[in-house]
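Summary of structural features
One-letter residues, chain by chain:
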Amino acid sequence: MSKIILYDCGAEVAHMVNNLFGEKVAIQNSSFDAQRPLQEFSMVIVETGSKKPEQLLQQIKALRYACNFRNIPIIVMKKKSDTYPKHPYIMAGATEILSLQAPPLACRQILQGYLIPNRQPLDQEMEYLTPFINSAKHVLKTMASIDAEYKELYFPNDFRIFGDVSGIIGLSGKAEGTAVITFYWDLARKVISQMMRVTEDQINAEFIHDGVGELINMISGFSKKYFIGKPYHFELSIPTVVMGSGHQIGHPEDVSIALVIFDVGKSSFALQVCLKPKIKKGN
Amino acid sequence: MSEKNEILLINRDKGFLEAMAEFLRRAGFKVHTALEMHEALLALTFHPVGLILCDNVLEDVTGYDFLRFLKNDPLRDSVPFVFFVPINDQGRAFKAFELGADDFLVYPMEVEDFVSRIKEIMALHYPAAKETPAAESGKAFLPPPSDTTPPPHERRQAKRKQPLPNLKVSLSRDEILWMPGKIKNFSRDGILVITSLLGKPGVSLMVKFSLPQGVVTIKGHIKHVAFDDFRQPVGIGITFAEDSAWHEINDYFASLINSAASGASKKEFREQQTPPPSPPPPGTGAGKTVFLPYEGSEGEDLLLSDSAQRTEEETYESRFYHSLVGKQLGGYKAVCFIGSGSMGGVFKGWDSALEREVALKVISYELSSQETFREMFIKEARLISKLDHSNIAHIYSIGDTDGILFFAMELIAGETLADLIIKHGNLNTLKGLDYLLTVCQTLDFVRQKNIIHRDIKPENIVINDKGVLKIVDFGVAKKIDVNASGDVPEGIVGSPLYISPESISGHVIDHRSDIYSLGATFYHVFTGYPPFEGNDTKAILLHHLNSKSIPLKERNPKVSVFLSRIIEKMMAKDPQERYQNYKTIVQDLQSFRSMVIQAKNKKNTLLPGRGK
């Protein structure tokens, strides 16, 4: 049974969610707790109105961090009288903003959509994802002496990256796409310091640029050799490093985007891979 | 009391404001407080303030807006301005310095340290009045994430740059991934850009400028990087080679400054400042653009404002479909979203059991919530799944996952007639005629099964990669009960641009309704225009009921009179006056086709050497 946690929600929201789902989901109402692990929940719902928007934005940011790259939708229920724009909530990490005055049917279907279990990857998707997963582990191990454990992968319905720093590389050739590695700040500093043989307090813009760029370059480069002679073979472009949270990445159309999560101790990092052969296999 | 001792403290938190004011008063300063810009301006009017300590968000505006306002006020622009912000809501220190802030303090902070810093700042700005020894120096005003380049305020001592706020550019290292950036200022050597793209000194990158004369992309090198908060965009200084392209851009910037200074209207200036985003040149890299708007960028605003303009219902539908990407719907995987129509959203899917690609059509939440529609849909989808024809996209199965109704059908990769109309303007060609013949023959097969499609339109006729025409989307098709004395109408079903008058008026419909829609569809195909247009759906529907369409020949003089008559007969308002069956249409079309071929051959005979 899916579990939904309502953080600091009033009776109106609790009543609405209960009405929409009845006994099909387990609903828990609780006070906000940034430290609480969210892995057990299928959805988090917060409500505007009871606190200042700035405070709620901070809480959403904290919740998004607590999700640790997992595909846990954060839903903001908004009162109609609340005129604060939606944009900051989305940028902070909210998945969906719904009005309490929205048609219940629409709310139900949208929320239900998010509660449907994630699909498993197709065999042909694993054909190109497996080399990237293995390469990521290998590069982290050899370059930074860090053991990264592959935990899970899913296909996000949100193209935003909620991390602190990302390395992005364009892939072109027989296949085209993108590969993106995203870290939270603490793990980025740890990985780059071990990679660059410097202490964490020495990490600066140049180290981040070189370190994160080199990581995605090497992961893609190691993966590339698995695809020689295959439809997924690609060439690498120059890596780009992006700072800040909430970036939206555009990918080629009509192709899935996989998000692979790796754990390093209690931290995680994410690898997004999107790869589309230009010529269909067998043709 | 002299101004050196008077401090204006602005913070939206009243309790915090009073506590900090008290500490400063104990240290010997006279303190004025304000919760919002309005109060702050009053304090500045009536008191000789020597230092402003301001939060980055006030009750009414942001601290940046307030700072920008002050720096444009010649009477107040010299008052030292220090941001004093909570650690968990630092905003953008770099932006603050660019706007002219003198310092940036972050709390929580020890009271002694805070008072020392204030005394230090005051001593720096009013050296002659140095009364108290400055506090021990050596404490950074910004939290570490260290920076190899000098802090922004040091670089500001370099050659004076011209401010050029909010002029947007795109930056790329590989010409595939383009990042937006905002130019903060420029000089003869280059520009300072705020962007999420990180770089390091010496790195080369491409910068795309949108000038009135077109898009110009030039190569530059990063001269310096200002990076003070890992969650915020960075500032990068980019230099360009002294060549004509850069001179042209530089001249354009200078003209913007001049036009603003010479009183050009704000609107005109704004238009110049915000050239429309342009796509990258084709054929570069992978031939695609990866675009990353950063936090607060106008690209985001555009996206959101665009969606805000759509009706609430449409956004609910699209958000519903969006929630299903990457999900498992029964035995099918939703791989990626393809598009949506009035009846539902279409996904590229994967049939886990039979291991084949499918198109998954998810019925809109509104239709699937109606029990009568659900029943009808399931019953008729079963019938349509039995239609076995090479020009019909097959329905494989129907499913219901937690109340989400969908069906799986043949996935057809290709272009719809709507795509081809957009691409070519119209399809008044032999090929277009052949498409009409094929659709007629296919719909005749459908009619023989006592089924009507009810949503014939250019979007539902696809030419696949092998050139085979397929009719898709039987989602609202209906089985006609030939033995029943009268069928019960179910309200308006169809697409407004192509719907038949009897569907609109609620009469019982039969295959002649499809004939009307097919006529309207090919009116659009041959002329490039739908038969009726209007400001809203109601206006279009009224035209279908009452108006005579503009003759095809007037819309497109190249359309043959013979073909024009066929289409107009298909579109007769009264079903009795239309073609009564597809066979007659096919006969007329084939006669016309023979005439066209003969004429073509004759032309080739008269013009030797052509047609080979």
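A quick note: this is a predicted structure, and the numbers were derived from the prediction, not measured. Along each chain, the written sequence defines residue order, and numbers are assigned to residues from 1. Labels are handed out in written order, letters beginning with A for the chains and numbers beginning with 1 for the ligands. For this predicted model, a pLDDT threshold of at least 70 governs which residues receive local features, and a threshold of 80 or more governs which side-chain atom pairs are given and counted, while totals over whole chains, interfaces and linings are taken from all residues.

Things to note about the overall build of chain B
What counts here: Where helices and strands are cited, they refer to DSSP runs of H or I of at least four residues and of E of at least two residues respectively, numbered from the N terminus. Any residue surrounded by 20 or more other C-beta atoms within 10 Å of its C-beta is treated as buried, while 12 or fewer makes it exposed and the intermediate range makes it partly exposed; C-beta atoms here are placed from the backbone. Throughout, a pair of residues is in contact if the C-beta atoms placed from their backbones lie within 7 Å.
Regarding its fold elements, chain B presents 20 helices and 24 strands. Of all 612 residues assigned to chain B, the portion counted as buried reaches 39%. Residue pairs in contact within chain B that sit at least 24 positions apart in sequence constitute 58% of those at least 6 positions apart.

Structural notes on the overall build of chain A
Along chain A, the regular secondary structure elements total seven helices and 14 strands. In chain A, which comprises 283 residues, the share counted as buried stands at 50%. Within chain A, residue pairs in contact and separated by at least 24 positions form 67% of the contacts whose partners lie at least 6 positions apart.

Some points on the nonpolar core
Condition: Here, a nonpolar core means buried Ala, Val, Leu, Ile, Met, Phe, Trp, Tyr and Cys residues linked by C-beta atoms lying within 7 Å of one another.
Counting residues in each nonpolar core, the largest one holds 195 residues, and the members touching the most others are Val44, Ile45, Ile208 and Val260 of chain A together with Leu360 of chain B. Ignoring any residue separated from it by four or fewer positions in sequence, one finds Val44 of chain A in contact with Ile5, Tyr7, Leu38, Leu63, Ile72, Ile74 and Ile75 of chain A. Residues Val31, Leu53, Val82 and Ala101 of chain B belong to the second largest nonpolar core, which totals 35 residues.

Considerations on the environment of Asp254 of chain A
Tracing the backbone shows Asp254 of chain A in the loop between strand 12 (247–248) and strand 13 (258–264). With 12 C-beta atoms packed within 10 Å, Asp254 of chain A lands in the exposed category. Setting aside residues no more than four positions away along its own chain, Asp254 of chain A makes contact with Cys336, Ile338 and Lys348 of chain B.

Digging into the sheet that holds strand 20 (residues 414–416) of chain B
Residues and elements named next belong to chain B. What counts here: The rule for pairing is simple: two strands pair if DSSP sees at least two bridges between them. Inter-axis angles, ranging from 0 to 180 degrees, are taken between N-to-C directions of lines fitted to C-alpha atoms, where helices are fitted over the stretch in contact.
The antiparallel open sheet is built from three strands, whose spatial order is 20-22-23. Either end of the sheet is taken by a strand with one partner, and the two such strands are strand 20 and strand 23 (469–471). Ignoring which end each strand starts from, the neighbouring axes of this sheet average 30° apart. When strand 22 (residues 461–464) meets strand 23, the two strands line up antiparallel, connected through three bridges. Counted as the bridge partner of Val462 is Lys470 from strand 23. Lying over the sheet, helix 13 (residues 417–424) contacts strand 20 and strand 22, oriented at roughly 80° with respect to strand 20. Here helix 14 (residues 430–448) sits on the sheet in contact with strand 22 and strand 23, set at roughly 45° to strand 23.

So, the pairing of strand 5 (residues 96–99) of chain A
The side chains of a regular strand alternate, residue by residue, between the two faces of the sheet. With four bridges joining them, strand 4 (residues 74–78) of chain A and strand 5 of chain A adopt parallel strand pairing. For Met77 of chain A, the partnering residue across the bridge sits in strand 5 of chain A and is Leu98 of chain A.

Details of the confidence of the model for chain A
Rule in force here: The predictor's confidence in any single residue is recorded as pLDDT, a number from 0 to 100.
A residue-level look at chain A finds 95% of positions with pLDDT of 70 or above and a mean pLDDT of 88. The secondary-structure element of chain A with the lowest mean pLDDT is strand 12 of chain A, recorded at 64, while strand 13 of chain A shows the highest, at 96.

Brief notes about the sheet that holds strand 4 (residues 81–86) of chain B
Residue and element names in this part refer to chain B. The sheet built from five strands is open, its strands ordered 2-1-3-4-5 with parallel pairing. With partners counted over all chains shown, the strands left at the sheet margins are strand 2 (30–34) and strand 5 (103–107), one partner each. Along the sheet, successive strands turn relative to each other by an average axial angle of 20°, direction set aside. Bridge count for strand 3 (residues 51–54) against strand 4 is three bridges, and the pairing is parallel. Of the residues in strand 4, the one forming a bridge with Cys54 is Phe83.

Section: the confidence of the model for chain B
Residues and elements named next belong to chain B. Taken as a whole, chain B shows an average pLDDT of 77; of its residues, 78% reach a score of 70 or greater. Summarising per-element confidence for chain B, the mean pLDDT is lowest in helix 9 (residues 298–309) (34) and highest in helix 16 (residues 511–527) (95). Note on residues 130–160: pLDDT is under 50 here. Beyond four places in sequence and across chains, it has 45 contacts. With pLDDT under 50 throughout, residues 607–612 is counted as low confidence; its partners more than four residues away or in other chains account for two contacts.

Quick look at helix 2 (residues 53–67) of chain A
Residue and element names in this part refer to chain A. The test is simple: To estimate how far a helix should extend, the number of its residues minus one is multiplied by 1.5 Å.
Across its 15 residues, helix 2 extends 21 Å between first and last C-alpha, which sits within 8% of the 21 Å expected from 1.5 Å per residue. Against the buried residues of helix 2 lie strand 3 (43–47), strand 4 and helix 3 (87–92). One or two residues past the end of helix 2 sits Asn68, with phi positive at roughly 55°.

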